[in-house]
Amino acid sequence: MFRRKPRLNKSTSLKSREAKISLDIAKEVTAYADVAKQIIDLAVYGDARNRSYRRLADFTDTIGNRVSGSKNLEMAINYMYKAMTVDGLDVHLEPVKVPHWVRGKESAEIVQPRSKNLAILGLGSSVGTPPEGIQADVLVVQSFDELKRRGSEAKGKIVVYNQPFVSYGETVAYRAFGASEAGKLGAVAALIRSVTPFSINSPHTGLQDYQDGVKKIPAACITIEDAELMWRMAKRGEKIVVKLTMGATTLPDADSFNTVAEIKGWQHPEQVVLLSGHLDSWDVGQGAMDDGGGAMISWEALSLIKDLGLRPRRTLRTVLWTGEEQGGVGSQQYFNLHKVNLSNFDLVMESDLGTFRPVGLQFTGSDAAQKVMAEVVKLLAPINTTRLEPHGEGTDIYPWMNAGIPGASLHVMDSRYFWFHHSEGDTMTVQDPHEMDLCSALWAVVAYVVADLEEMLPR
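As the structure is a computational prediction, the values presented were derived from the model and not from experiment. (Residues numbered from 1 in each chain as written. Predicted model: local features only at pLDDT ≥ 70, side-chain atom pairs only at ≥ 80, totals over all residues. Heavy atoms only, no water.)

**So, the overall build of the protein chain**
Right, so step 1: Each helix and strand counted, the protein chain has 13 helices and 16 strands in total.
Right, so step 2: Computed over C-alpha atoms, the radius of gyration of the protein chain comes to 25 Å, within 12% of the 23 Å expected from 2.2 N^0.38 for 459 residues, which places it in the range of a compact globule.
Right, so step 3: Overall, the C-alpha framework of the protein chain stretches about 95 × 65 × 40 Å when taken along its three principal axes.
Right, so step 4: Each of the 459 residues in the protein chain was classed as buried or not, and the buried ones make up 56%.
Right, so step 5: Summed over all atoms, the accessible surface of the protein chain reaches about 19,700 Å², with 52% contributed by carbon and sulfur.
Right, so step 6: Separation between the mean location of the 50 positive side-chain charges and that of the 56 negative ones in the protein chain comes to 6 Å. (Helix = DSSP H or I, 4+ residues; strand = E, 2+ residues; numbered from the N terminus. Rg over C-alpha atoms; globule rule 2.2 N^0.38 Å. Buried < 20%, exposed > 50% of the residue type's maximum accessible area, 1.4 Å probe, protein only. Areas by Shrake-Rupley, 256 points an atom, 1.4 Å probe, with all protein chains shown as cover. Lys, Arg positive; Asp, Glu negative; His and termini not counted. Charge placed at Lys NZ, Arg CZ, Asp CG, Glu CD.)

Here you go:
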């Protein structure tokens, strides 16, 4: 009797093919175990140990902070261009225009019910006060909802926001939009509780965004301590009067550059794995954590690969962005210039949440790309950073990820990050040499292996 061979249904056949592909990928990536260990050993235990930390210390101690449009940022770009050229990398500069906001002299004080100086930092893009300052009664609120409920009280007053810190992503709305929300109601200035979970009387600056059609009023951040002090005074029914003086001004856009260093690929030089951090900072502290560390490990990754005599199939490109703190203006102009070659970008990477002890890699990409990356991070077992987490993030790589390019970001033990973020506390003191070595090793292994695989990451 004739019997037909059982047919595999399409679902079974597809699963079999996927299983084979996964096995082939795992086999290909596993073959890089020895190379990955060489990179890790050089970065963490070898001649390159502590190098990224030393480079960061030399850079920040020499240049200091580097706000968009400033002479310090221009010096920083020249410094990095020369340093990476001396390191043997192929370096060039790509011109962009960046905002040029200048803080000027600023001060604030409570004049009633008692005299007290307030530690403040004006917010980026804020207008200044008249030369004689602004003296006005204070309205203290704890939320936008409370401001709306008490809108009739805001006219002619300085609005003080004492919003609790929930998370940076949620609470930063007060810094960004607090001035305009108060301005809509006739307020003359806004003082916003710093967006941080911890304070030692330390104000934190950052960018704020005026809404079109709303009168621009001066805006500054104050400390947690002073925001809570004025809230307690207000709860007691005490009249609070503050004098605010700010010399802030916005000048015409300035010339600047994205700084680009490369190791050209041997087989597909037109295809790119991009590593990045931003070179600009705010005009306080040293900008060591935000984002000097991210910039340095993105340079260090190329140095490690070069020192080992490695050259991947695809080009490894480190970009040190300018103008990130002003809303990612340098990276957006880079994207606009290079998006014509979108299909040649394999992976974009950004480190901008500190270079503390790494715990894993955050990744955005297709399901097939995630399977590849899950194998790649297994190579990081010697430093115990094998976690692949969802959602790569970074202001400077969002345009690429939104266009469908896989993106990755460094996930570190960042519980202390917002303690120092955008404040005078962002200095080399918060950095740790060994933790930076671990970050550099992770960054270099991931970038090299992805750049050297037979195929680009699946879209």
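**Regarding the packing of helix α2 (residues 33-44) against helix α13 (residues 433-452)**
Right, so step 1: Relative orientation of the contacting elements α2 and α13 amounts to 155°, with a least axis distance of 9 Å. It follows from the interaxial angle that α2 and α13 lie roughly antiparallel. Helix-helix and strand crossings are classified by hand; for α2 and α13 the assignment is right-handed. The segment α2 lies against α13, with Val35, Ala36, Ile39, Ile40, Ala43 and Val44 engaging His434, Asp437, Leu438, Ala441, Ala444, Val445 and Tyr448.
Right, so step 2: Broken down by class, the residue content of the contact of α2 with α13 amounts to eleven nonpolar, one polar and one charged. (Axes fitted to C-alpha atoms, helices over the stretch in contact; angles between N-to-C directions. Parallel < 35°, antiparallel > 145°, perpendicular 65-115°, else oblique. Left-handed = near helix turned anticlockwise from the far one by under 90°. Contact = heavy atoms within 4.5 Å. Nonpolar A, V, L, I, M, F, W, Y, C, P; charged D, E, K, R; others polar.)

**Notes on unusual backbone geometry**
Right, so step 1: Cis geometry is found at the peptide bond from Gln112 to Pro113, where omega equals 15°.
Right, so step 2: Looking at the secondary structure, you find Pro113 in the loop between β2 (106-112) and β3 (116-118).
Right, so step 3: Looking along the chain, the bond that leaves Asp290 and enters Asp291 is cis, with omega of 0°.
Right, so step 4: The backbone phi angle of Ser125 is positive, close to 80°, even though this residue is not glycine.
Right, so step 5: At Asn384, a position not held by glycine, the phi torsion is positive, near 55°.
Right, so step 6: Among the structural elements, Asn384 can be located in the loop between α10 (367-378) and β15 (387-390).
Right, so step 7: According to the relative accessible area criterion, Asn384 is exposed, its value standing at 64%.

**Focus on the sheet that holds strand β10 (residues 249-263)**
Right, so step 1: The sheet built from eight strands is open, its strands ordered β1-β10-β12-β11-β13-β16-β14-β15 with mixed pairing. The open sheet is flanked by β1 (90-102) and β15, the only strands paired with a single partner. Neighbour-to-neighbour, the strand axes of the sheet open up by a mean angle of 25°, direction not taken into account.
Right, so step 2: Pairing analysis gives twelve bridges linking β1 to β10, with the strands arranged antiparallel. Pairing of Val96 across the sheet is with Ser256, part of β10.
Right, so step 3: Helix α8 (residues 288-307) rests against β10, β11 (268-278), β12 (314-321) and β16 (407-412) of the sheet, and its axis sits at about 145° to β11. (Pairing = 2+ DSSP bridges.)

**Some thoughts on helix α3 (residues 51-63)**
Right, so step 1: With 13 residues, α3 ought to run about 18 Å at 1.5 Å a step, and its terminal C-alpha atoms sit 18 Å apart, in line with that.
Right, so step 2: Those residues of α3 hidden inside the fold are in contact with α4 (71-86), α8 and α13.
Right, so step 3: Gly64 sits one or two positions beyond α3 and adopts a positive phi of about 85°. (Expected span 1.5 Å × (residues − 1).)

**A short note on the pairing of β2**
Right, so step 1: With six bridges joining them, β2 and strand β9 (residues 241-246) adopt antiparallel strand pairing. Its bridge partner lying in β9, Glu106 is registered against Met246.
Right, so step 2: As paired strands, β2 and β3 are joined by three bridges and run antiparallel to one another. When the bridges of β3 are listed, Ala108 appears paired with Leu118.

Bear in mind that shape data such as this cannot, by itself, settle questions of function.
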